[in-house]
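# Fold and geometry: a report
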Amino acid sequence: MTTESAVADPTTGGGGVPLLHTLNEWQRRVPLLQLLALAALYIYGLSTIEGFGSQRVLYAILVNASLLGLAGAGQTIVVLVGGIDFSIAAFISAGNVIIAELCGTDHWSTGAAVAVALAVGVVGGLVNGVLSYRFKVEPLIVTLGVSALLSGLVLKWINGSATGVAPAWLGKLTAANGTTFGIGIPPVVVIWAVVAIVIGLVLTRTRAGRNLYLTGVNQPAARLALVRVNRTWIYAYIASAVLATCVGILLAGYSGSGNVTIGDPYLFQSLAAVIVGGTMFGGRGDYWRTVLGALVLSVVALLLSANQLSSAAQDMITGGLILVVVGLYGRERRLRDRI
Amino acid sequence: MNALDFLRGLLGKRPYAFAGLLALLLLVVNTALQPAFLAFGNWAAVLASFAPLAVAAMASTPAILSGGGGIDISIGPLLTLIDIVIVANLLPNGLTSPFVVIPVCLAIGAAIGAVNGALVAVLRFQPVVATLCANIVIGGLATQVQGDTVPSGSTSWTKDLAGSFGPVPGALLTIGAPLLIWWALSRTPFVKALYAVGGDDATAFSAGVNVPKVRIAAYSLGGLYAGIAGIALMSLISEGAASMSAQYTLLAIAAVALGGTSLAGGRGSLLGSLLGAAGIYLINNLLNVVRVSTLWSTAIYGAMLLFAVVVGAVLTNARRRAVA
Amino acid sequence: MSEQSQVALEVTGLAKSFGATRALRSCSLRLLAGEVHALMGENGSGKSTLVKILTGVHAPDSGGYRVGGRAVRLGGPAAAIAAGVMAVYQEVLVVGPRSVLENVWLGADGVFRRKISEADKRERAAAVLGELLGEAPDLDTPVEQLSLSDRQACGIARALVREPRVLILDEATSALDVATRDRLFEAIARHKAAGMAVLFVSHRMDEVDAISDRVSVLRSGESVATLEAEDATTAELVRLMTGAEHLTDIPEGGAMAHRTGPAADAPVLLRVRGLRLRPDADPVDFELRAGEMVGLAGLEGHGQDAFIKALWHGPAGEGSVTRVEVGGESEIRSEQRAAAAGIGYVPRDRRGEALFGTLSIRENFSAATQDKDTRFGLLSRASALGRFAEYRSGLKVRMGRESDPITTLSGGNQQKVVIARWLARRPDVLLLNDPTRGVDIGAKRDIYALLDELTARGVAVVMLSTEVDEHIELMDRVLVFREGSHSTTLDRRSLTRQSLVAAFFGRTVTSSVAGSASPDGDS
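In every chain, residue numbers begin from 1 and rise along the written sequence. All chains are assigned letters beginning with A, and all ligands numbers beginning with 1, in the order in which they are written. For a predicted model such as this one, the threshold for reporting local features is a pLDDT of at least 70, and the threshold for listing and counting side-chain atom pairs is 80 or more; totals across whole chains, interfaces and linings nevertheless cover every residue.

## Regarding the overall build of chain C
Within chain C one finds 18 helices and 22 strands. We compute the radius of gyration from the C-alpha atoms alone; for a globule the expected value is 2.2 Å times N to the 0.38, where N is the number of residues. Scaling as 2.2 N^0.38, a compact globule of 523 residues should have a C-alpha radius of gyration of about 24 Å, and chain C matches this with 25 Å. Along the three orthogonal principal directions, the C-alpha set of chain C runs to about 75 × 55 × 45 Å. Considering chain C as a whole, with its 523 residues, one finds that 48% of them fall into the buried category. The contact criterion used here is simple: two residues whose C-beta atoms, placed from the backbone, lie within 7 Å are in contact. Intrachain contacts of chain C at a sequence separation of at least 6 include 67% that bridge at least 24 residues. Only DSSP runs of H or I covering at least 4 residues are called helices, and only runs of E covering at least 2 are called strands; the numbering of each starts at the N terminus. Buried means a residue has 20 or more other C-beta atoms within 10 Å of its own C-beta, exposed means 12 or fewer, and partly exposed covers the counts in between; C-beta atoms are placed from the backbone.

## What to know about the overall build of chain A
In terms of regular secondary structure, chain A is built from 15 helices and 0 strands. Residue pairs at least 24 apart in sequence account for 76% of intrachain contacts in chain A once pairs closer than 6 positions are excluded.

## Description of the sheet that holds strand β13 (residues 293-298) of chain C
All names here are of chain C. Strand pairing is assigned whenever DSSP detects at least two bridges linking the two strands. The 6 strands lie next to each other as β16-β19-β20-β13-β21-β22, forming an open sheet whose pairing is mixed. The outermost strands of the open sheet, each flanked by one partner alone, are β16 (343-346) and β22 (485-491). Shown here is a sheet whose adjacent strand axes are inclined to one another by a mean of 20°, direction ignored. Across 5 bridges, strand β19 (residues 429-433) lies against strand β20 (residues 460-464) in parallel orientation. Across the sheet, residue Val-429 finds its bridge partner in β20, namely Ala-460. Note on method: axes are straight lines fitted to C-alpha atoms, helices fitted across the in-contact stretch only, with angles between N-to-C directions ranging 0 to 180 degrees.

## Overview of the nonpolar core
The biggest cluster of nonpolar side chains holds 380 residues, and the ones touching the most others in it are B:Leu53, B:Val55, B:Ala56, B:Ala252, B:Leu305, C:Ala157 and C:Leu431. In this view, B:Ala252 contacts B:Leu53, B:Ala56, B:Ala57, B:Ala59, B:Ser60, B:Ile75 and B:Gly76; residues no more than four positions away in its chain are not counted. We define a nonpolar core as a collection of buried residues of the types Ala, Val, Leu, Ile, Met, Phe, Trp, Tyr and Cys that are connected via C-beta atoms lying within 7 Å of each other.

## Some remarks on the interface of chain B and chain A
Listed by partner, the interface residues are 44 residues for chain B and 47 residues for chain A. Among the secondary structure elements, those contributing two or more residues to the side of chain B that touches chain A are α6 (127-146), α10 (201-206), α12 (245-258) and α14 (295-323) of chain B. Per-element tally for the side of chain B that touches chain A: the top contributor is α14(B), with 15 residues. For this classification, the nonpolar set comprises Ala, Val, Leu, Ile, Met, Phe, Trp, Tyr, Cys and Pro, the charged set comprises Asp, Glu, Lys and Arg, and every other residue, Gly included, is treated as polar. Partitioned by chemical class, the residues of the side of chain B that touches chain A number 31 nonpolar, 11 polar and 2 charged.

## Some thoughts on the sheet that holds strand β11 (residues 268-275) of chain C
Residue and element names in this part refer to chain C. With antiparallel pairing, the 4 strands of this open sheet are ordered in space as β12-β11-β14-β15. If you trace the sheet from one side to the other, it starts and ends with β12 (284-289) and β15 (328-331), each paired once. Recorded for the sheet is a direction-independent mean angle of 15° between the axes of neighbouring strands. One ladder, built from 4 bridges, connects β11 with strand β14 (residues 320-325); its direction is antiparallel. Its bridge partner being in β14, Leu-270 is matched across the sheet by Arg-323.

## Points about the packing of helix α4 (residues 55-80) of chain A against helix α13 (residues 266-277) of chain A
Residues and elements named next belong to chain A. Packing of α4 against α13 leaves a shortest axis separation of 8 Å and a crossing angle of 70°. With respect to α13, the element α4 is oriented roughly perpendicular. In terms of crossing hand, the pair formed by α4 and α13 is right-handed. The segment α4 lies against α13, with Leu-68, Gly-69, Ala-71, Gly-72, Gln-75, Thr-76 and Val-79 engaging Tyr-266, Gln-269, Ser-270, Leu-271, Ala-273 and Val-274. Of the residues in the contact of α4 with α13, the class split is 7 nonpolar, 6 polar and no charged. Here is the rule for angles: anything less than 35 degrees is roughly parallel, anything more than 145 is roughly antiparallel, 65 through 115 is roughly perpendicular, and the remaining ranges are oblique. Each helix crossing is assigned a hand: it is left-handed if the near helix lies turned anticlockwise from the far helix by less than a right angle, otherwise right-handed if that turn is clockwise.

## Describing the pairing of β13(C)
Residues and elements named next belong to chain C. Of all the 6 residues making up β13, 6 are buried; the element is thus mostly covered by neighbouring parts of the structure. Burial along β13 is two-sided: Met-293, Gly-295 and Ala-297 facing one way and Val-294, Leu-296 and Gly-298 facing the other are all buried. Inspection of the sheet shows β13 paired to β20 by 4 bridges, in the parallel sense. Following the sheet pairing, Leu-296 is matched in β20 by Leu-464. Pairing between β13 and strand β21 (residues 477-482): 5 bridges, direction parallel. Looking across to β21, one finds that Ala-297 is bridged to Val-480.

## A look at helix α4 (residues 75-90) of chain B
Expected span, for any helix, means 1.5 Å times one less than how many residues it has. In a regular helix each residue adds 1.5 Å, so 16 residues correspond to 22 Å; α4(B) covers 21 Å between its end C-alpha atoms and thus fits that length. Burial of α4(B) is extensive: 14 of the 16 residues sit out of reach of the surface.

## Thoughts on the confidence of the model for chain A
All names here are of chain A. In predicted models, pLDDT denotes the confidence assigned by the predictor to each residue on a 0 to 100 scale. Confidence in the prediction of chain A, expressed as mean pLDDT, is 83, and 89% of residues score 70 or more. The weakest mean pLDDT in chain A belongs to helix α1 (residues 4-8) at 32; the strongest belongs to helix α6 (residues 110-134) at 94. The low-confidence segment residues 1-16, where pLDDT is below 50, has 27 contacts with residues more than four positions distant or belonging to other chains.

## Observations regarding the interface of chain C and chain B
At the interface, 21 residues of chain C touch 23 residues of chain B. When residues in the side of chain C that touches chain B are grouped by element, the largest group, 3 residues, is from helix α3 (residues 77-83) of chain C. When its residues are assigned to classes, the side of chain C that touches chain B shows 11 nonpolar, 4 polar and 6 charged.

## A word on unusual backbone geometry
The phi torsion at A:Leu226 lies on the positive side, around 70°, for a residue other than glycine. With respect to the helices and strands, A:Leu226 occurs in the loop between α11 (219-224) and α12 (229-255). Accessibility expressed as a C-beta count within 10 Å gives 18 for A:Leu226, which makes it partly exposed. Residue B:Ser238 is not a glycine yet carries a positive backbone phi of 55°. Within the secondary structure, B:Ser238 sits in the loop between α11 (211-237) and α12.

See the structure below:
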């Protein structure tokens, strides 16, 4: 039933029901399940909710998915290399507040403010990666610690409340009625598309990306195959932190001002997008899948809210959905196979 | 150097010693700066404000001890759900007796914990994934039950829990209950089985230990403790607190790690988590006392957590190398 | 006592396959109460699988077993233990951070229900450990603080305190020091007198001689014979384990009869000096010449694995590994250096150390040679495929598309891809750690042919193998390891199944088929 069985025991991959096997094979190459879910959900929306097909709704979904998808980009990279990043929310908030404060309150130039935000991302990601690799501390705890440290420092820096206002041009980037070079597509969606293509290419077509998979799938084998596992691991965490910081910068435009808690919802949502997309811990998946995961979650969110369901009910359905999806494609090995 | 070696030895044998020493030091500093802190009359209030975090940390411990990547990140939402169920459902409907409220809360907690345990031990979901979903679902449920306006309410015994029953601080009951349950369980083979499964599940399995049963019991116990934490939180704030769930999840896990419990499973203790929580609580309090803005507290506890886990890793890695 | 009640364990027609591998074909066995029954067989003959079925870890595909005349419910270790079967494995299974006492009594209680009082536990643990160790250690010490031998003693005590009807010792003595082993044998004699049956799996002929009453032999997953101890001579056991009737299958000198070994003036490529694999073992010296094919053999865990790894990432302790090149010499201290010096290593545990299970065939092939596929910073698929084509035909890899996951291939074809990964680096020295394990016969032939061709081009090959036939067919010489050191070298002339297997057990066999093994003759 699961592709996991093929990993646990390579020789049984051909067994079972042929049709199921073929479907599994397809699912491995193409995120069929997720595509179907997305199409079904969208069609369901079209048929039950008036105005669901309008451009306004579509763009709302896309803007929402863009931000979620970008937040999930770093998480995808870290999960692929075999780690987990619980500091994404903090980096989003940090990027957000830094831009708003430096530009809005201290009147820095945008370039300088962005540079500072990115530098914070690099340093924070470095700390995440080095501590978890060098000292073999669980990434979960390290990233929680870095998360607390960073958000604490940001909080202190602005003395508890963000006063800054984001530069106006940032707001235009994330407006659902925004235009890109005169074309009627919200700029943030275009940015997401570009980032998705770049990350997708890096993951599948560059040595850095390949090393990420090799390390995530089988660290001892990667080491034996002369991959510099330590660098790969650390760069993955830096990439994650920097991407999260960028999301924070974009969110400053979305919300118009700095907000120290703006990243919080993304702590678990970024992970949910990755998991729904079908990227699993240790080298299975890619960024395209996370893109789909973000789209599915955004459509679900809009459907549920359009159906007058509370955000609470949305959460419950989302949680159950993730569980079902994961249950279909990937679970742990049996205990008896490990003796 | 001798002092360092001694410290290494101590931490090697008693991983919670670091959190213990830290908590003790902070307690002394707190008391020196603010003598009233330890005044007898102040105990009840101090303990009551400490209780939710303390019990949440203990609630996170059994899942982590059970190994296999075990962790329960749904503890935060679960305890806020319990809190909300009391204020929004039970009290307004006249169900105020502790003999109704407490069993209901504990049963909800244990049942949700058992579901998490079954997802992990029977259906073989990764613990992070399973409890993340539980986190989202329970969080949603909590917001749902809470409704649009934050409900509030209290009854005499919950006030006493936040205050005192006669001379006894009420929070001693909420903090003491998990310890007492743990003590009672350690009179059965369960606690030892839990450590064995967490330490090496393949060995435990080959020796005939019922590994899934132990793991399900561990997650259920965590859920039960989360029920107690929810009662402690409710009696402290007397209102719904759906927004506080993420904070408790993360602080509780941090307290467990600070308390010397290994996220790899099989090493650590409930006492360590309690001491770790005390460390975090006392730091917050200290920063309050010396009027360093509370804004520092998050950053400082983050730094402390990183420091503690790195020190712990260096010490245990050195020790394991020496053994091997 | 009736005949039935004297049978402690009766195994009938057990069979078990893992995927395409038939680990156990048909195994039948009868253990009497109060006997020590040795089980012998080559590596991979199915002994471990049999033990894991008897202890409930695996469920058999067919067949079953009865303990004390009663069929055992198949349902995991707990059920097997309840039926009275307990096993101690070669791998020391203890929970490191927990106390000696807890480890000894692990699994004896229910999850919530205590079945034995604490005082009883202490008393019996102390008594059994006293028997095994002379003096019982502090029962509250964490097991991880004990020596390996004492830790294994705790594992054995775990079985003994439960007083099983059938005790299985699966190579369990290999981790014990000599004194503890002798005390274990005394303890077994006492338990035997009380009616316990012992299934004693061991590679050590001296141990089997010392304690067993009867000996059964497994070969290729089938039980082939049961002998009384006095009939179980070394020669007879070796004949049964190797299956003398198979001897005729191999043409004399094998398919590689044309091999002449390296030229007399072939340069030395790798030199090992004073390499100590265990602190208490003799150091090993070794030289490898261009074009040579050297086999490493021995019973599992006797040092050959540590030796080949030392050639790859440098010595863990005393000694040196030097790569001799035209330009000069360099010491091997890390895998990076070894790779830079033209050494390639195909690891033993294919799944754990070599395969990237979820990645494609192409990605698995190019893992160690990505630099050759980079065009303008992007990896070129065409380039990787082009490079792979050469090895794909050379190694006769049978596969679908290159984008299929590597796990869709058979074990043999997976291994070919892994070997190709290293060949693509064009090494001068190729280290292969048991490369044909779990590989079907056709793929083996392809790999042999490739190795033959490589050595003809001057590449030196060092290959650890657990298969006797492989050494005989392929190698210019075979280094046999025993007790952590190099004990014997057999050259092509003196290599026979009998001489090699006997060398594993520290014996020499003189037979009509071949000459005798030469005592240490490393040149």
